[in-house]
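# What the coordinates show
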Amino acid sequence: MSKKFYVIWKGAKTGIFTTWPEVQQHTAGRSDAQYMGFESKSAAEQAFATTYTKALMQRSLSKKGTASSAPTSSRTATSKKTSKSASAKTTAVSPNGPSDIEIYCDGACSPNPGKSGTGLAVYELGKVTSLYYGLYLPNGTNNTAELSGMLSAFQIAQHFIDKNSEQSICILSDSKYSIDSITKWAKGWKAKGWTRGKGEEIKNLALIQQCYALYKTMHTKITIRHVKGHANIEGNELADRMAVLARKQQQVNMIRYSETINIKAILAMDSG
């Protein structure tokens, strides 16, 4: 596997880095984090000499014409293997779904507005490999927690894309508001100067703008799906428990769950 180079424009430390753990260390828990991976050191140096926004625009432009645009929340994830595509037709949205990588994101808030937290569950080839929790806000909302989860999921998806752009990646959320904000409404809001029309304010605008900017760079490489919350879908339930854990522990930074992933024990934890 070729070596990767990462640029951090905003984080605890900025610059060019060569390992993903370094990027996580300097950006975890920061909703304003700005970073991106590159194939070569020279490309990273050129990007670092400009701005994150310009680098995003350049990447988006370079991908036009090389991959067909696909619908967002309803697109069926595909695989290079015919057998996997065939099995996808009969498999429900679950940890054993058709995508190589599945990232479940969820938010929890109590009361609403009130103390909120965000959780993630990452599956690789049908097996949960990591859990994350954090982004605690003392005066958050369900929607800010869900959008923060979407942003974190995009950031993790970017890492997998940088490692292997051929992998199919699916992001799953039980928040139609978050999904629609990014995949349906943001384009029109941007065209209207980031208003809802007639100058009407958009709630959670900063988070939506960050999500949309990152989404635009990867939308041809990911699928976004809505899943029903609290419907015994394992990944969604695990993300929910992580979100509640973040809220209860008031965990500000997004950190990896360090204990052994005992699914039964985690599902027995408080739910949101």
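- Per an unreviewed UniProt entry, the recorded name for the protein is ribonuclease H, and the organism is Colwellia psychrerythraea.
- According to its UniProt record, the protein has this under Cofactor (unreviewed entry): "Mg(2+)".
- What the UniProt record of the protein gives under Catalytic activity (unreviewed entry) is the line "Endonucleolytic cleavage to 5'-phosphomonoester."

## So, the overall build of the protein
- Scanning the protein from terminus to terminus reveals nine helices and nine strands.
- Taking all 272 residues of the protein together, 51% fall into the buried category.

## Details of helix H8 (residues 234-249)
- With 16 residues, H8 extends 22 Å from end C-alpha to end C-alpha; this agrees with the ideal 22 Å at 1.5 Å per step.
- Counting buried positions over the 16 residues of H8 gives 13, a clear majority of the element.
- One or two residues past the end of H8 sits Gln250, with phi positive at roughly 55°.

## Details of the sheet that holds strand E6 (residues 127-140)
- Reading across from one edge, E8-E7-E4-E5-E6-E9 is the order of the six strands in this open sheet, with mixed pairing throughout. Looking at strand neighbours, the two that pair on one side only are strand E8 (222-226) and strand E9 (255-256), the edges of this open sheet.
- Strand direction decides the pairing type here: strand E4 (residues 101-110) and strand E5 (residues 114-124), joined by ten bridges, are antiparallel. Each bridged residue has a counterpart across the sheet, and for Asp106 the counterpart in E5 is Gly119.
- Against the sheet, helix H5 (residues 142-163) touches E4, E5, E6, strand E7 (169-173) and E8, its axis set at about 160° to E4.

## A few points about the packing of aromatic side chains
- Tallied over the entire structure, the rule returns six aromatic pairs.
- Taken together, the ring pairs connect Phe154, Trp194, Tyr212 and Tyr215 into an aromatic cluster.

## Some points on the sheet that holds strand E2 (residues 15-17)
- The strand order across the open sheet formed by three strands is E2-E1-E3, and the pairing between neighbours is antiparallel. Bordering the open sheet on either side are E2 and strand E3 (34-38), each of which pairs with just one other strand. When strand polarity is set aside, the average angle formed by the axes of neighbouring strands in this sheet is 25°.
- Pairing of strand E1 (residues 5-10) with E3, which is carried by five bridges, proceeds in the antiparallel orientation. Across the sheet, Ile8 pairs through a bridge with Tyr35, a residue of E3.
- Here helix H1 (residues 20-27) sits on the sheet in contact with E1, E2 and E3, set at roughly 10° to E1.
- The sheet contacts of helix H2 (residues 41-48) involve E1, E2 and E3, and relative to E1 the element is tilted by about 10°.

Cut-offs and rules
- Residues numbered from 1 in each chain as written.
- Predicted model: local features only at pLDDT ≥ 70, side-chain atom pairs only at ≥ 80, totals over all residues.
- Heavy atoms only, no water.
- UniProt positions renumbered as here; feature names shortened; annotations may be inferred.
- Helix = DSSP H or I, 4+ residues; strand = E, 2+ residues; numbered from the N terminus.
- Buried < 20%, exposed > 50% of the residue type's maximum accessible area, 1.4 Å probe, protein only.
- Expected span 1.5 Å × (residues − 1).
- Pairing = 2+ DSSP bridges.
- Contact = heavy atoms within 4.5 Å.
- Axes fitted to C-alpha atoms, helices over the stretch in contact; angles between N-to-C directions.
- Phe/Tyr/Trp six-rings, centres within 6.5 Å; stacked < 30°, edge-to-face > 60°.

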